Amino acid sequence: MRIGIDFDGTIADTTATKIRYALDVFGESITPVETFGLAGRGRLGDQRYVEMVQAAHRGWTHHAPPMPGALEAMRRLAAAHDLYVVTARNEDEVGPARQWLREFAVPAVEIVHTAGASKVDACRDLDVALMLDDLPTVLGELVGAGIGGALLETPYNRDLERHERLHLVPSWEHFVALAERLGAPPAVR
Ligand SMILES: [Mg+2]
């Protein structure tokens, strides 16, 4: 099976990077929920929020630790599946992500960036059957287009609206189990 995997907040703990940036640069101690969306803008103001997000996607990318269990899970998955990193990062943001993935020896066949566009076309082109992401809006589009979607549950996506056919995975371990279940050959009758 071909599996698509998001980068920020799914493979790399971009939330930790944002928390560290806010503390080091602004002197603000923010929560995981305040690293994202309206809560983040409300806490930091638009200008500082955008600065933090851009830093996390550019020069501060290398500060991101791997998400818990991500590296081990991807090594296990890569033994049976083809893994594609599908990120919405822009042209000028994908370089640091590629560097990070190289440094952590992530076993991805290819790294594709959509520059903010929907991931539907990229997943179709790659023939991805299942995508793991931390944003339910991204996955809702995929599920609507007939592609399997799994949401890695985080504090900041807890209250966001979710497509009913989305698989919910509380951890990478759960995602491995899901991929093994969905990717298993049909039972012989
Ligand atoms: Mg993400």
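The rules behind the values
Residues numbered from 1 in each chain as written. Predicted model: local features only at pLDDT ≥ 70, side-chain atom pairs only at ≥ 80, totals over all residues. Pairing = 2+ DSSP bridges. Helix = DSSP H or I, 4+ residues; strand = E, 2+ residues; numbered from the N terminus. Axes fitted to C-alpha atoms, helices over the stretch in contact; angles between N-to-C directions. Contact = placed C-beta atoms within 7 Å. Domains from an automatic or database assignment. Nonpolar A, V, L, I, M, F, W, Y, C, P; charged D, E, K, R; others polar. Buried ≥ 20, exposed ≤ 12 C-beta atoms within 10 Å, placed from the backbone. Core = buried A, V, L, I, M, F, W, Y, C linked by C-beta atoms within 7 Å.

*Asks:* Describe the sheet that holds strand β3 (residues 110-113), with residues and values.
*Replies:* Strands sit in the order β3-β2-β1-β4-β5-β6 across an open sheet of 6 strands; the sheet is parallel. Each of the sheet's edge strands pairs with one partner strand only, and the pair in question is β3 and β6 (167-169). On average, each strand axis in the sheet is inclined to that of its neighbour by 25 degrees, with strand direction left out of account. Summarising the sheet, strand β2 (residues 82-87) and β3 pair through 4 bridges and their orientation is parallel. The residue bridging Thr87 from the neighbouring strand is His113, located in β3. In the packing of helix α7 (residues 136-144) onto the sheet, contacts are made with β4 (130-133) and β5 (148-152), and the angle to β5 comes to roughly 165 degrees.

*Asks:* Please provide a residue-by-residue account of the domain arrangement of the chain, values included.
*Replies:* Under the domain assignment, the chain is made up of domain 1 (2-13 + 66-183) and domain 2 (14-63). Centre-to-centre separation of domain 1 and domain 2, based on C-alpha positions: 22 Å. Between domain 1 and domain 2, the contact holds 12 residues from the first and 11 residues from the second. The class makeup of the residues in the side of domain 1 that touches domain 2 is 6 nonpolar, 2 polar and 4 charged.

*Asks:* How would you summarise the environment of Phe7 if you had to cite specific residues and measurements?
*Replies:* In this structure, Phe7 sits in the loop between β1 (2-5) and α1 (14-26). By the C-beta count within 10 Å, which is 28 here, Phe7 ends up buried. Through-space distance from the C-alpha of Phe7 to that of Met67 is 9.9 Å; in sequence the pair is 60 residues apart. When near neighbours in sequence (up to four residues on either side) are disregarded, Phe7 contacts Ala12, Val85, Thr87, Arg89 and Ala97.

*Asks:* A description of the nonpolar core should follow, citing residues and the corresponding values.
*Replies:* Counting 36 residues, the largest nonpolar core has Ile3, Ile11 and Met131 as the members making the most contacts within it. Residues within four places of Met131 in sequence aside, it is in contact with Gly4, Val86, Lys119, Cys123, Leu139, Leu142, Ile147, Gly148 and Gly149. In this structure, Tyr49, Met52, Val53 and Ala56 belong to the second largest nonpolar core, which totals 9 residues.

*Asks:* A description of the environment of Asn90 should follow, citing residues and the corresponding values.
*Replies:* In this fold, Asn90 is placed in the loop between β2 and α5 (91-103). Judged by local crowding, Asn90 falls into the partly exposed class, with 14 C-beta atoms found within 10 Å. When the C-alpha atoms of Asn90 and Gly116 are compared, they prove to be 6.5 Å apart, with 26 residues separating the residues in sequence.

*Asks:* Give a detailed account of unusual backbone geometry, specifying residues and quantitative values.
*Replies:* Leave glycine aside and you will find that most residues have negative phi; peptide bonds, for their part, are mostly trans. Phi is positive for Ala115, which is not a glycine, with a value near 50 degrees. For Ala115, the position within the fold is in the loop between β3 and α6 (120-126). When the 12 C-beta atoms within 10 Å are taken as the criterion, Ala115 is described as exposed. Backbone geometry places Asp127, a non-glycine residue, at a positive phi of 60 degrees. Its place among the elements puts Asp127 in the loop between α6 and β4. A tally of 12 C-beta atoms within 10 Å means that Asp127 is categorised as exposed.

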